[in-house]
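Coordinate inspection notes
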Amino acid sequence: MIDATHYVVLSLILFCLGLIGVMVRRNFITVLMSLELMFNAVNLNLIAFSFRLSDLAGQVLAIFVITVAAAEAAIGLGLIIALVRLKDTVALDEADVMRG
Amino acid sequence: MSLADFVPFLPEIFLGCAGFIVLLAGIPLGRRGSRPVIALAVAALAATAVLIFLVGRPAAGPQLILGDMLVVDQFAVFFKLLVLAASALALVMAAGYLDRAQYSGGEFASLILFADLGMFIMASGANLASLYVGLELMALSVYVLVGYFKLEVKSNEGAVKYFVLGAASSAILLYGISLIYGTTGSLDLETIRVTLAEVPHQNFLLLLGIALVAFGMLFKVAAVPFHVWTPDAYEGAPTPVTAFISVAPKAVAFAMFLRLFAGTFAGEVEHWRMLLWIASAATMIYGNVAALTQINVKRMLAYSSIAHAGYALMGLVAGSDAGTWAVLMYMAVYAFMNLGAFGFVILLESRGYAGERIEDFAGLARRHPGAAAGMLIFMLGLAGIPPTAGFMGKLYLWAATVEAGYIWLAVISVLMSAVSLYYYFRLVVQMYLKEGDAEDESPAEMLSDRWAGAAIAVCAVMTLAIGLWPAPLVGWAKSGLSALGLV
Amino acid sequence: MDFLVVNFAEILFYCLAVLTVAGGIGVLVFKSPVHAALSLLFTFVMVAALFLLLHAELLGAVQVLVYGGGIMVLFLFVIMLVNVKTLAPEQAFLSRLAPLAVVAGVLLGVLIAFALIFGVLVSGHGDGTALRTVGGAEIGNTEAIGAVLYTTYLVPFEIVSVVLLVAMIGAIVFGRRSAGLEIEGGGGES
Amino acid sequence: MKLYDFIWLVPLFPLLGAVFNGFVSNRRGLSKTTTQSVALLGAGLAWIYGWAAVIQWFFTEDHTRAYSVTAFTWITGGNLTIAGGSTAAVDIAASFQVDPLSAVMVGFVTFVGFLIHLYSVGYMHGEPDRDYARYFAYLNLFMFAMLTLITGSNLPVLFVGWEGVGLCSYLLIGFYFEKDWCAAAGKKAFIVNRIGDFGFLLAIFFAFYYFGTLEFQGLFDAMAGDHGGHYATAATIIGLLLFVGAIGKSAQIPLFVWLPDAMAGPTPVSALIHAATMVTAGVYMVARCNYFYQMSPTAMLTVAVIGGVTAVFAATIGLVQNDIKKVLAYSTVSQLGYMFLAAGVGAYVVAIFHVVTHAFFKACLFLGSGSVIHACGGEQDMRKMGGLKKYMPTTYWTFLVATIAIAGIFPFAGFFSKDEILAKVFAAGYGDLNHHGGVYYLLWSLAVIGAVLTAFYMFRLVFMTFHGEFRGGEEAEHHLHESPWTMTLPLQILGVLSIVGGFIGVPGFLWGHPEHNLIDRFLEPVVLHMDHGGHAGAHPGLGLELGLIALSLAAAGFGIWMAYRFYFVDREFVRAGKLAERFPFAYKLLLNKYWIDELYAATFVKGTVKLADLLWEIDARVIDGAVNGARHVTVGSSWLSGIFDLRVVDGLVNLVGRFYDVASLQFRRLQVGFAQGYAMVMVFGAALLLGIFFVVNL
């Protein structure tokens, strides 16, 4: 029987992949994708626990997470468009006017 | 759930509707500058405050409403009113600023109202789901506000950095929430608290969940090492937005922090205390020391705001009643001082451009003695010199920390607030002891903006009044404590 | 064949898990953002399948519809919109600090894994029927979620609708071209 | 009506004046007449009301208990657990008190403060209207803070005043915009004073932690009721921390460096703040909290040693300064050292006595120097003065009187207080106080040397400024004139007080009537009486007392005689110049530090080389070696103290600043500038925190 621990391990791997993606990709769009990966990892956790507990709360929270992730993606993409208009680039590390 | 359940929720409903109306009204009203629509938004905030007084207060003791999603208590009321005051002041300060930069006020004001709605939910959430959703509503509104001046490189850059880091940190927070759900079996704060009280052994998965939630909260209050977004977001954002986000979101983040850690996870205090101790000490040291060599006032105030988060964290480390209400007190005090300080940055203009450099303050005492005196009050307050409110706030935090036996943390904070005087007084020295460069370039001038001036005056009066007469605020902050008995 | 039948769930899980992780790695390593996006889409679908294994039928559907259908289209749309240049595989698609970043991520992962090894999950038996039951009658996952979503979780549900409104405002604020305002610092194609 | 029920009015009057001048007069640029009337009214009402209230209190109330008035409740904060497990309510009132110590302080602070306001009217008349209003607003604000400090009846209220006077001091130091100077001096003053405040704040916490109250009377009662010495540790901790605060505010080793730089402010400010009142706040605080020191031999010894060493150390620096205000500044540091020395042997009353007399003659000296600077058109270098006696007789005579007073010549004010300090220190050695008798003997001999030095540098100042020929050129000589009456009247009043002020403390036991020492008897209830070990009661006999008095008079006389020889008889100061040539090593360092001898050589010596050679030939052989030797020692020690000042203390202050600068830059490097770098900082930070978290919870 596959128990929740398996899912948690999978979710951990996915989460770390997303986290590393946020840190290593230069392209703002792929960074956004990596963020989505992290949110998916969380959802996997929530739903695995929801099943184990036979409790719907986890699934409901997962729905909220998906919705918020969608909203976040919309704002992120809006920022990308503004960035491209200003600097003609999507490379995240070229936004480095402020430092120190 | 009955219709009566909705009555204490009316302020939030009203605020949401008001946000929508302001958004729509901004289209026709916006042609005459941002002032009409901002006046409308401030009126809505005032009406919300009245509604809170009428229906939003707990009749007797904390009360769970709407499927146990929210709790109505004094604690939440305290933060809601604080948020309303801070937003109103920030909006009033923003009016002239937006007009000068020719950005519309409709979206701006409505975003602030929506952010306030999110903060209300954060302050009164009794379930991890509602807390999370409120937090995201606030965060998303603030991302947009930071990048609101989309044609300015700094504003966009600040928003990009804040957004990427904020989204990553909210994923971390969510991961922590999921682990707490997986180890306690519930999202309901009260159920979790009861479950934790029964856990006989220490569970690393649970501790990990608590730690990750703490990381998410530390990000929101801008504590080391999750402070990295702060200087850039604060510097880049339009200054009224900086004033707003350095105060209101930080205050409600502390509200949520307290509700979770002083309430729900209080049983595990011995486990997480060390974590916050380190974060608090590191934040105080980092914020104050890094601020020393800043030459941009907004950036300096950003580091100072990091440092202040460190002070307030001491109250959480203390983990006592005294510590809790000291944090409430400190947040209120800090709100007025910081809003006032940023208010002057909003008003200062140098050669047709925002006066953000420290040198722009040179010789201000001669040209604008009133303004310089006001800034002096805020700087004294932020540095914690009596008889300003800043001293009172720190005093209670120190008392709570020392009482809980964390002498070293108190010693670090006293030492660091001594260091802080140095950079706050760099501004004072500029204002009082230096002459502006009169020959080669025109010195920075204070704009005459009656709205912003009035808002700053309110902040100055509050800073002094709380310092001289803190008893009412203290009483009010203490009354918020009964809330934590619930969870 | 017995082995396959008896252990069908396990085999399915491991296959899906491997494919999910492969998709995730794809997001990290594909140079072209379009390829990365497709890899992400693949991951989303695999995760949706995992949801089905966990008796979360509605979530599985939502995952495919919202992520696969909505968000992914948005991504591709923006990729197409912003600039053709960015479509070409990038010379330097990794950040300056990539090796260090991988170390940081792995370090955090190891620490979390440590907690996972020594931690204990809440006890439970994994009964899928409870996830389909409303008021004692077993009707279906979607109805069950609907029942709690519109009663207990009404407040967050409404707030999420405001979140979407804010996202809309944000997208408009950032995306709209404003007449009368000039970009300082030059650049851009506006 | 009990006037002293409203003692808080005393600080309030100047506050109102400050508010008016700061917000109305300054903003609207009202005329000088309005500004000065309001300012004088604020200070004057405080003076009149303060005296009236104190006098009424004196005749109606019991002097052994402080009469405390609560204006309003200031800080409330529930119950805190304190030492020993009991709880105490945080309930701090903005309360003010009248007791003998406050009465004395109110008496002279309001009076001297008013005189200096009056003096400022003349001195600052050349400023533009707005600056004039700003100046008086600060000055009134300072009076408010200082009066709060001395009338407050608990440590937090005292702290409010403490910070307030510091703030006004900074504002007034920088009143004249001098760019290069203020960055360095401001930095110095901030860092130095904050170190002191840090100690003070910690002391307040500890006091509350141990005693559960911060009221002076409550603390006094707690200590007085402690017969088993339970609070000895607490007293040591609190006493030492409080003393850290006092060191910062009262400019003692090693935190004295800010005071000489503070002389850049207007001269009346130097007189009021940096000589007569604010800098003595540390002494007041130690005297006010004497019960902690009485309970702790360690704290007492620390106070005495630091005070004694500072007294001599600062005096040696004063020997070679040429800036008239710098000499007075180092002299102030030195006199403050005497006060702490007195406090350190348990003679708190004598310390306060010296505070009072010092306020009279030092204010007179500073105001006199201001009058001189005013006449010389802003010149502060004594080598460009000389012969001013005939141009400004009033200034000269008042200055001379004050100089005699500070030198300690009978029957001027300084004699009584300084002689009593010397006597008490000697008695401490004689009585083997706390079994540290040897140390106290040593401190006594230091203090006697200090008395010689004081007399020397003060008379050097007088001779260089007022006697001989004017050396500032003909152009400047035409402008020399006596100052207006608003400036000379305060000088005359203070001059008279410098003569008669000492009689409030005539040591009556000399003729067998101890009760004749008014101030001693009056202030006695403030001090907590303790048995200090050793043969505490042992008093030196009357003969010994008289011997000591003779010795201190001789010391002062010797100093004056030396100054007379070097700077009066030898009009061109040639002998001093030649001496410098004899010790080239010391000379070179003095050259770098003080420039005195270099300028002597360049201006005076060069023209009269032959004569100088001749004189030196005679001097070196004929004049006794004692003069030579004494001079040698003083030059050497002032060189040492110069090195210490320059290298060690400045070095430490700079090191602290440098450390923070470097740390700040290093910290800022974390802020790499792009989002992913930040994300990495966060993740590494999270991993570190998580690692610690797990290890702690294993």
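Residues numbered from 1 in each chain as written. Chains lettered and ligands numbered in written order. Predicted model: local features only at pLDDT ≥ 70, side-chain atom pairs only at ≥ 80, totals over all residues. Heavy atoms only, no water.

1. So, the packing of aromatic side chains
Considering all chains together, one arrives at 75 aromatic pairs over all chains under this definition. Ring plane angle 85° and centroid distance 5.4 Å describe the contact between B:Tyr143 and B:Phe163, whose orientation is recorded as edge-to-face. One end of the pair, B:Tyr143, is in helix α5 (residues 128–146); the other, B:Phe163, is in helix α6 (residues 153–184), and 20 residues separate them in sequence. With respect to class, B:Tyr143 is no different from B:Phe163; both count as buried. For the ring pair D:Trp47 and D:Trp51, a centre distance of 5.8 Å and an interplane angle of 80° mean the geometry is edge-to-face. A residue pair is termed a helical-turn pair when its members lie 3 or 4 positions apart in one helix, as D:Trp47 and D:Trp51 do in helix α2 (residues 32–60) at four residues. Within the aromatic cluster, the residues linked to one another by ring pairs are D:Phe206, D:Tyr209, D:Tyr210, D:Phe211, D:Phe220, D:Tyr231, D:Tyr291 and D:Phe292. Between the NZ or CZ atom of B:Arg35 and the centre of the ring of B:Trp451, over which it lies, the distance is 5.0 Å. For the cation-ring pair, D:Lys418 lies above D:Tyr338, with the distance from its terminal atom to the ring centre recorded as 5.3 Å. (Phe/Tyr/Trp six-rings, centres within 6.5 Å; stacked < 30°, edge-to-face > 60°. Helix = DSSP H or I, 4+ residues; strand = E, 2+ residues; numbered from the N terminus. Buried < 20%, exposed > 50% of the residue type's maximum accessible area, 1.4 Å probe, protein only. Lys NZ or Arg CZ within 6 Å of the ring centre and 35° of its normal.)

2. Points about the side chain of D:Ser483
Residues and elements named next belong to chain D. Mapped onto the elements, Ser483 comes out in the loop between α19 (474–479) and α20 (485–500). In this structure Ser483 comes out as buried when scored by relative accessible area, which is 8%. Among the polar contacts listed, one links the side chain of Ser483 to the side chain of Ser371, at a separation of 2.7 Å. The contacts of Ser483, once residues within four sequence positions are left out, are Ser371, Met392 and Thr488. (Polar contact = N/O pair within 3.5 Å; in protein donor to acceptor, adjacent residues only side chain to side chain. Contact = heavy atoms within 4.5 Å.)

3. Some details on a nonpolar patch on the surface
On the surface, a nonpolar cluster with roughly 330 Å² of combined accessible area is contributed by B:Met274, D:Leu688, D:Ile692 and D:Val696. Here the element with the most residues in the nonpolar patch is helix α28 (residues 675–697) of chain D; it accounts for three residues. Here D:Val696 falls in the partly exposed class, since its relative accessible area comes to 41%. (Patch = residues over 30% accessible without salt bridge, like charges linked within 9 Å, V, L, I, M, F, W, Y side chains within 5 Å. Areas by Shrake-Rupley, 256 points an atom, 1.4 Å probe, with all protein chains shown as cover. Salt bridge = Lys/Arg side-chain N within 4 Å of Asp/Glu carboxyl O.)

4. Quick word on the packing of helix α9 (residues 229–236) of chain B against helix α13 (residues 297–318) of chain B
Residues and elements named next belong to chain B. Contact geometry of α9 with α13 gives a least axis separation of 8 Å together with a crossing angle of 140°. The angle between α9 and α13 places the two elements in the oblique class. Handedness of the α9/α13 crossing: right-handed. Contacts between α9 and α13 involve Thr230, Pro231, Asp232, Tyr234 and Glu235 from the first element and Lys298, Arg299, Ala302, Tyr303, Ser305 and Ile306 from the second. (Axes fitted to C-alpha atoms, helices over the stretch in contact; angles between N-to-C directions. Parallel < 35°, antiparallel > 145°, perpendicular 65-115°, else oblique. Left-handed = near helix turned anticlockwise from the far one by under 90°.)

5. Looking at the confidence of the model for chain B
When pLDDT is low, close inspection of the predicted coordinates is not appropriate. In the predicted model, chain B carries a mean pLDDT of 86, and 95% of its residues have values of at least 70. Summarising per-element confidence for chain B, the mean pLDDT is lowest in helix α21 (residues 482–486) of chain B (55) and highest in α5(B) (94). (pLDDT = per-residue confidence, 0-100.)

6. Some thoughts on the interface of chain D and chain B
At the interface, 60 residues of chain D touch 74 residues of chain B. Summing both partners gives a buried area of about 6300 Å² for chain D against chain B, and 75% of it is carried by carbon and sulfur. Counting the contacts that link chain D with chain B gives zero salt bridges. Secondary-structure elements contributing two or more residues to the side of chain D that touches chain B are α1 (9–28), β1 (67–81), α4 (129–151), α5 (155–173), α6 (179–211), α27 (625–669) and α28 of chain D. The greatest single-element share of the side of chain D that touches chain B, amounting to 14 residues, is contributed by α28(D). (Buried area = accessible area lost by both parts, 1.4 Å probe.)

7. Describing helix α10 (residues 267–276) of chain D
Since the α-helix packs 3.6 residues into each turn, any two residues three or four apart lie on the same face. Among the ten residues in α10(D), ten count as buried, and that is most of the element. Looking at the buried residues of α10(D), the elements they touch are α3 (100–123), α4, α5, α9 (258–261), α14 (324–344) and α15 (348–375) of chain D.

8. Things to note about the interface of chain A and chain C
For an interface, size is often stated in terms of accessible area lost upon the parts coming together. Contacts between the two partners involve 71 residues from chain A, matched on the other side by 93 residues from chain C. Summing both sides of the interface, chain A and chain C together bury roughly 7100 Å²; the carbon and sulfur share of this comes to 77%. Linking chain A to chain C there are zero salt bridges. For the pair chain A and chain C, the interface holds nine residue pairs in polar contact (both at pLDDT 80 or more). Within the residue set of the side of chain A that touches chain C, elements represented by two or more residues are α1 (4–24), α2 (28–53) and α3 (57–87) of chain A. A per-element tally of the side of chain A that touches chain C places α3(A) first, with 24 residues. Grouping the constituent residues of the side of chain A that touches chain C by class yields 49 nonpolar, 13 polar and nine charged. (Nonpolar A, V, L, I, M, F, W, Y, C, P; charged D, E, K, R; others polar.)

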